[in-house]
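Inside the fold
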There are 2 protein chains.
Amino acid sequence: MCELLGMSCNTPTDLTFSFTGFSSRGGRTAPHGDGWGLAFFEGKASRLFLDPSPCCESPLATFFRTHPIQTELAIAHIRKRTHGPVGLANTHPFCREMWGRSWVFAHNGTLQGVEGLALDRYSPIGETDSERAFCWMLGQLLREFHTDPGPAQLFEAVARLGSELSRRGVFNFLLGNGEYLLARCDSKLHHIIRRAPFGQATLNDEDVAIDFSQVTSPGDQVAVVSTAPLTRDEAWRKGEPGQLWVFHRGALVAELESPVLHEPVVHP
Amino acid sequence: MCELLGMSCNTPTDLTFSFTGFSSRGGRTAPHGDGWGLAFFEGKASRLFLDPSPCCESPLATFFRTHPIQTELAIAHIRKRTHGPVGLANTHPFCREMWGRSWVFAHNGTLQGVEGLALDRYSPIGETDSERAFCWMLGQLLREFHTDPGPAQLFEAVARLGSELSRRGVFNFLLGNGEYLLARCDSKLHHIIRRAPFGQATLNDEDVAIDFSQVTSPGDQVAVVSTAPLTRDEAWRKGEPGQLWVFHRGALVAELESPVLHEPVVHP
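Since this is a predicted model, take the numbers as computed values, not measurements. (Residues numbered from 1 in each chain as written. Chains lettered and ligands numbered in written order. Predicted model: local features only at pLDDT ≥ 70, side-chain atom pairs only at ≥ 80, totals over all residues.)

**Description of the pairing of strand β1 (residues 3-14) of chain A**
Residue and element names in this part refer to chain A. Alignment of β1 against strand β4 (residues 70-78), held across eight bridges, turns out to be antiparallel. Bridge assignment links Ser8 to a residue of β4, and that residue is Leu73. The pairing of β1 with strand β12 (residues 221-226) spans five bridges and is classified as antiparallel. Following the sheet pairing, Ser8 is matched in β12 by Ala223. (Pairing = 2+ DSSP bridges. Helix = DSSP H or I, 4+ residues; strand = E, 2+ residues; numbered from the N terminus.)

**Side note on the sheet that holds strand β15 (residues 251-257) of chain A**
All names here are of chain A. In space, the six strands of this open sheet follow the order β5-β6-β7-β8-β14-β15, with antiparallel pairing throughout. Strands at the two margins of the open sheet, each flanked by one partner only, are β5 (94-98) and β15. Direction aside, neighbouring strands of the sheet carry axes that sit 20 degrees apart on average. The sheet contact formed by β5 and strand β6 (residues 101-108) spans five bridges and is antiparallel. Looking across to β6, one finds that Arg96 is bridged to Trp103. Across the sheet, helix α3 (residues 129-144) is in contact with β5 and β6; its angle to β5 comes to roughly 15 degrees. Strands in contact with helix α4 (residues 151-165) are β7 (172-176), β8 (180-185), β14 (243-248) and β15; relative to β14, the strand with the most contacts, it is inclined by about 145 degrees. (Axes fitted to C-alpha atoms, helices over the stretch in contact; angles between N-to-C directions. Contact = placed C-beta atoms within 7 Å.)

**Considerations on the sheet that holds strand β1 (residues 3-14) of chain B**
All names here are of chain B. Strand order in this open sheet of seven strands is β3-β2-β4-β1-β12-β9-β13, and the pairing throughout is antiparallel. This sheet does not close on itself; its edge strands, each paired only once, are β3 (45-51) and β13 (237-238). Lying on the sheet, helix α1 (residues 16-24) is in contact with β1, β4 (70-78) and β12 (221-226); it crosses β1 at an angle near 170 degrees.

**Topic: the interface of chain B and chain A**
Taken together, the contact pairs 24 residues of chain B with 24 residues of chain A. For the side of chain B that touches chain A, the secondary-structure elements that each account for two or more residues are β3, α2 (59-66), β5 (94-98) and β6 (101-108) of chain B. At four residues, β3(B) tops the list of elements feeding residues into the side of chain B that touches chain A. For the side of chain B that touches chain A, a count of residues per class yields eleven nonpolar, seven polar and six charged. (Nonpolar A, V, L, I, M, F, W, Y, C, P; charged D, E, K, R; others polar.)

**What about the relation of the copies chain B and chain A?**
Superposing chain B onto chain A takes a rotation of 180 degrees plus a shift of 0.0 Å along the axis, which leaves an RMSD of 0.0 Å. A rotation of that kind, with that shift, is consistent with a two-fold axis. Comparing contact sets, 100% of the residues at the interface of chain B also lie at the interface in chain A, consistent with an isologous, same-surface contact. (Least-squares fit on C-alpha atoms with pLDDT ≥ 70 in both.)

**Here we look at the nonpolar core**
Counting 144 residues, the largest nonpolar core has A:Ala74, A:Leu174, A:Leu182, B:Ala74, B:Leu174 and B:Leu182 as the members making the most contacts within it. Not counting residues up to four positions away in its chain, the partners in contact with A:Ala74 are A:Gly6, A:Met7, A:Leu15, A:Leu38, A:Ala39 and A:Phe40. (Core = buried A, V, L, I, M, F, W, Y, C linked by C-beta atoms within 7 Å. Buried ≥ 20, exposed ≤ 12 C-beta atoms within 10 Å, placed from the backbone.)

Encoded structure:
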């Protein structure tokens, strides 16, 4: 299984603290050494940093821990490969332009039989089930809505398409477009919203603690979504199967339920 | 005017030497301090590193000079803005997926009236004339060829579309798809092919010299395209207006002529 990390904020924030705990899982505290990627939005545009080598050993990952980039929306992924070899083309997050903005996607889980998904407008570059599912979802959105339909219809459609794809397997994902961060829980996803009064947090994977009250302003609000809780002393909310959370500028602005259509997966 | 740099090789090669001279032009030896970007291909996939800050001061640019990435096809750009503010969305190179592979584009020059170009499949995320022209070109290719038409038809179409866009101004560009590097000269472009016997080269913009015979194998072949020659002791070939060079694995494999349709631009 891969690891997902997403962040949505109301003021440009760096991902350093969360990414430090998260990137340990890329080959050190967990077996996810098949590449990693990080996407930062700036308005409608995003920049992706992809690295097919293990995150915990990557000089580029070290660069981001030491040169933080501030953003209001970020998506990160560490890969434990199932479909497709290790390589740049198979490294999440994936990115495509739709309706004049950048869309970024990362997946946790495995889908079967995605070759059966008919594509039109978007084609995968690599061999993963994940990228093909992403291309199918965007193609379906574009077929349904020639232009951006607005939040309510968009969220409903993404929940529905996510549910449809869950027929084929486990489909936890993060999807961001610079404005919204959509996070679908299929089998495993957590989130936390950090706002005043800020307290201390200690990473699960590293002996690193931070006192958020020292690095924030009272009005700051930051939502963090992750496969598993990143800190040991904060109250993370666990997602329910089929739940789609929508975050906007650090707030949870919508919650949709849609059925999980595969057989339940039991996590040990 | 912006600066373009492209490389095509028959063996994975790092861009460090050329990028060192090139990146000095981003705010130090030339006034191109409005952001920079670098795209590296790995097969059909690419990774882009974009930075809206001046290249010569960028920690990320320093990272690439000290942690070289090896690739068979790279495109770099340093921006001196004309249309659109400084920002990520307006930073070249631009990237889109077409026919299941990544296409990367960088432009030197300024086009007028690009709002008049009708778009369908691809839309710009930022405000530059360059990204809109790129979206229009890809849209036209996709309209003409539902799938990859093969080299000859592709090259002819790109030359024709480049000529068509040159009605609107100066259109020097680099376009890469992992396989081919297409370089159109409108007003200013140079290239060099480095192959055995390798000699020494000294950068124009920095007091840096390299003896290629020490860092290459006899069968290596590297084509470098740049707005202006990067070295002072090699024989760079100057492009003619309307010329489209096509490089494949370090070799110049095609040369097409197409008319420049704007009024000639005189370079001092």
